[in-house]
Amino acid sequence: MSETRKRGRKAPQNNDVEDKLKVVYSDKDVVVMTAPNEEELKQILLDLLNGKSMNLKELHSKLSGIASEDKIRRALNDLVEKGKLTLLDDGKYAKMGTE
């Protein structure tokens, strides 16, 4: 799977995330990157939640075009099961120890 983004158009707050993805092809008009695998997505989520809690909608907005809502939800649930994240009463996810 890959993701295409036109240069010159500002990506919606994905720059830190996109820096972690492998560029497969690049020219003056297009950059093609690989989508993150499951483990990479989990690390991206942990990085995004470092010091700030977010709900699923906020996370999906930051990862728009990079990962589907279903993949994000599965990764979040796995991280909660492993004790790396917690689901707060307000529906936001937080890194353990940072609530």
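The structure under discussion appears in the preceding block.
Here is what the cut-offs are and how they apply
- Throughout, residues of each chain are indexed from 1 in the direction in which the sequence is written.
- In view of the model being predicted, local features appear only for residues whose pLDDT reaches at least 70, and side-chain atom pairs are presented and counted only at 80 or more, with totals across whole chains, interfaces and linings using the full set of residues.
- Computation of side-chain values covers all heavy atoms of the structure but excludes hydrogens and water.
- Simply put, an axis is a line fit to the C-alpha atoms, just over the touching stretch for a helix, and the angle between two N-to-C directions goes from 0 to 180 degrees.
- Where helices and strands are cited, they refer to DSSP runs of H or I of at least four residues and of E of at least two residues respectively, numbered from the N terminus.
- By definition in this entry, angles of less than 35 degrees are roughly parallel, angles greater than 145 are roughly antiparallel, angles of 65 to 115 are roughly perpendicular, and the rest are oblique.
- Contacts were defined at the residue level, with two residues in contact if any of their heavy atoms lie within 4.5 Å.
- Under the scheme applied, nonpolar residues are Ala, Val, Leu, Ile, Met, Phe, Trp, Tyr, Cys and Pro; charged residues are Asp, Glu, Lys and Arg; polar residues are all the others, including Gly.
- Here, expected helix span is obtained from the residue count minus one, scaled by 1.5 Å.
- Between buried and exposed lies partly exposed: a residue is buried under 20% and exposed over 50% of the maximum accessible area for its type, with that area taken using a 1.4 Å probe on protein chains only.
- Summarising the geometry, the arc corresponds to the directions from the helix axis toward the C-beta atoms.

Colleague: Would you mind going over the packing of helix α2 (residues 38-48) against helix α4 (residues 69-81) with me for this structure?
Modeller: Where α2 meets α4, the axes come as close as 10 Å, and the angle between the chain directions of the two elements is 75°. Between α2 and α4, the interaxial angle falls into the category roughly perpendicular. On α4, the residues that touch Leu 41, Lys 42, Leu 45 and Leu 46 of α2 are Lys 71, Ile 72, Ala 75, Leu 76, Asp 78 and Leu 79. Partitioned by chemical class, the residues of the contact of α2 with α4 number 7 nonpolar, no polar and 3 charged.

Colleague: So what exactly am I meant to see when it comes to α4 here?
Modeller: Three- or four-residue spacings in an α-helix give side chains the same orientation, since the helix completes a turn every 3.6 residues. Look at α4: 18 Å from first C-alpha to last across 13 residues, which is about the 18 Å you get at 1.5 Å a residue. Every buried residue belonging to α4 is among Ile 72, Ala 75, Leu 76, Asp 78 and Leu 79, and all of these are buried. Along the axis of α4, the buried residues cluster in a sector spanning 160°; they form a single face. Seen from the open side of α4, the exposed residues pointing more than 90 degrees away from its buried face are Arg 74 and Glu 81. After α4 finishes, the residue Gly 83 shows a positive phi value of roughly 80°.

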